[in-house]
Amino acid sequence: IHFYKRVISMMTSSLSGCLVRAITRRPVVIRSVPSLSVASFSTSAGNSSAQDKLAVAKSERQMSSAMKMYLKRKREHDMFISRERAEFDVGKEHLASMMGLEASTLTQEQIDQSIEYLFPSGLAPEAKPVMKPPEEIFPKQKDAEFDLEGRPFHSFFYTLKPNFNQAIFSLRDHIDGVTVFGDRLQRQGKGPDPEQILNASKLADSRWVTHEEVSKLCLETVTETEHKEFMVVLERLVGLPFSYRVKDDIFRWRVKEGISASQQEFIPPQFDERGRAWVEVEGRRKTATATVKLSKPGTGLLEITHRDYPGLVYDITYFFALKDRHQLLFPLQFTKMLGLVDIKVEVGGSGPSSQAGAIRYAMAMGLRSFVDKDVIGDMKLVGLLTQDIRARERKKPGKVSARKSYTWKRR
């Protein structure tokens, strides 16, 4: 029998006052009305639940308004993520049944391949559909930074950016620790392990986090100046010979490049009327542009023409300085293609140094079509496949040039 408030007036004569008060607080199911033990148990349960509610209400009254707002937002965010996770799991099962796969063992890589197969590939990257866990799509929320009484948890709370300042502090602490460790081993006549040193080959397939990525990792707004200071600390730590001792903390701030040098999409060669394979690549350096056409098999022919004077054809003597000539020969010597390909170059803009850099980059990108994947990876390590994006710095007001100042005179 279910008793509610609307039937209390009918039962007051047969039930005790304690039981009436217990029924008034919450619905109670009574199987045997005459039993006094059930009535006493219901009364104690009602009293305990009322005490719990009073304790919760008292704690909420003592809680600060900021903590109340945080708990409300956190509760809403957790409910939203749980709903999105449930929808993701349902969609994962449907996708697995469509592709004939097992939903329990379906990996994110298989999901991406299935989405790419099912949807058209001609869409822009921003318009292509994705299916990822909600934790990767929606931004994370910061945990509570203070307790119920308002005391902060983080030791760097009063710096306004505790996570970012904690990261810089730990990196500088690593610098001191690694330096002391290196000095102690140096006094003992020992050096770093050459196989573990963080050199260019160990860092070739990754890059430092950008300004936006640092803000996302720290869940805080980081300025450009703070990001530059952060990069200076990281570079200083990596430059130490024993920095591999804190390799995990260093690589936390490095991002794997999506496509390695050996996986980059090279230009498929075309064939001329003589059956020779050829590719054409454009390279840039400052304001210079170079269009390089490589043909294989060849005899090592090199023809260079200027865009403004197409009637004049030069060989490597187009460049007077030896350093510029070495720029052109380096990709051919490194890939062992010297004398095996014919090269035709059309160049223009800027000066000879920039033109040589543009030709070198275009030549290296074109040679990828004629070498093995292992050689492409080695070319990436030595910097042949990295474009030089430096440009001339603009002149500043009140200065002779970008940095140079006027000569100071007393009078």
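The sections below set out a description of the structure shown in this document. (Residues numbered from 1 in each chain as written. Predicted model: local features only at pLDDT ≥ 70, side-chain atom pairs only at ≥ 80, totals over all residues. Heavy atoms only, no water.)

1. Digging into unusual backbone geometry
Turning to step 1, where the next piece is worked out: The amide bond that connects K296 to the next residue, P297, takes the cis arrangement and shows omega of 0°.
Turning to step 2, where the next piece is worked out: Turning to its location among the elements, P297 is positioned in the loop between β7 (288–296) and β8 (302–306).
Turning to step 3, where the next piece is worked out: Although it is not a glycine, K286 sits at a positive phi angle of roughly 55°.
Turning to step 4, where the next piece is worked out: Tracing the sequence through the fold places K286 in the loop between β6 (277–285) and β7.
Turning to step 5, where the next piece is worked out: Judged by its relative accessible area of 47%, K286 is partly exposed.
Turning to step 6, where the next piece is worked out: Here the phi dihedral of S350 falls at roughly 55°; this positive angle occurs in a residue that is not glycine.
Turning to step 7, where the next piece is worked out: Position of S350 relative to the elements: it lies in the loop between β10 (342–348) and α12 (352–367). (Helix = DSSP H or I, 4+ residues; strand = E, 2+ residues; numbered from the N terminus. Buried < 20%, exposed > 50% of the residue type's maximum accessible area, 1.4 Å probe, protein only.)

2. Looking at the packing of aromatic side chains
Turning to step 1, where the next piece is worked out: Following the criterion strictly, the structure yields eight aromatic pairs and no others.
Turning to step 2, where the next piece is worked out: Aromatic side chains F164 and F230 sit 5.6 Å apart centroid to centroid with 50° between the ring planes, which places their arrangement in the tilted category. Residue F164 is found in helix α7 (residues 162–187), and its partner F230 is found in helix α9 (residues 224–238); the two are separated by 66 residues along the sequence. Residues F164 and F230 agree in their burial class; the two are buried. (Phe/Tyr/Trp six-rings, centres within 6.5 Å; stacked < 30°, edge-to-face > 60°.)

3. So, the sheet that holds β8
Turning to step 1, where the next piece is worked out: Strand order across the open sheet formed by six strands is β5-β6-β7-β10-β8-β9, with mixed pairing between neighbours. Single-partner strands in this sheet number two, and they are β5 (270–271) and β9 (309–314).
Turning to step 2, where the next piece is worked out: Summarising the sheet, β8 and β9 pair through three bridges and their orientation is antiparallel. Bridge assignment links T305 to a residue of β9, and that residue is V313. (Pairing = 2+ DSSP bridges.)

4. Examining the nonpolar core
Turning to step 1, where the next piece is worked out: In this structure, L294, L328, I343, V345, I359 and M363 are the most contacted members of the largest nonpolar core, which totals 31 residues.
Turning to step 2, where the next piece is worked out: Sorting the residues of this core by element identifies β6, β7, β8, α11 (322–334), β10, α12 and α13 (373–381) as the ones contributing at least two each.
Turning to step 3, where the next piece is worked out: No other element matches the nine residues that α12 contributes to this core.
Turning to step 4, where the next piece is worked out: In contact with I359, other than residues within four places in its own chain, are A290, V292, F319, L328, V345 and V347.
Turning to step 5, where the next piece is worked out: Among the nonpolar cores identified, the runner-up in size contains 26 residues, and I168, V178, L203 and L237 belong to it. (Core = buried A, V, L, I, M, F, W, Y, C linked by side-chain atoms within 4.5 Å. Contact = heavy atoms within 4.5 Å.)

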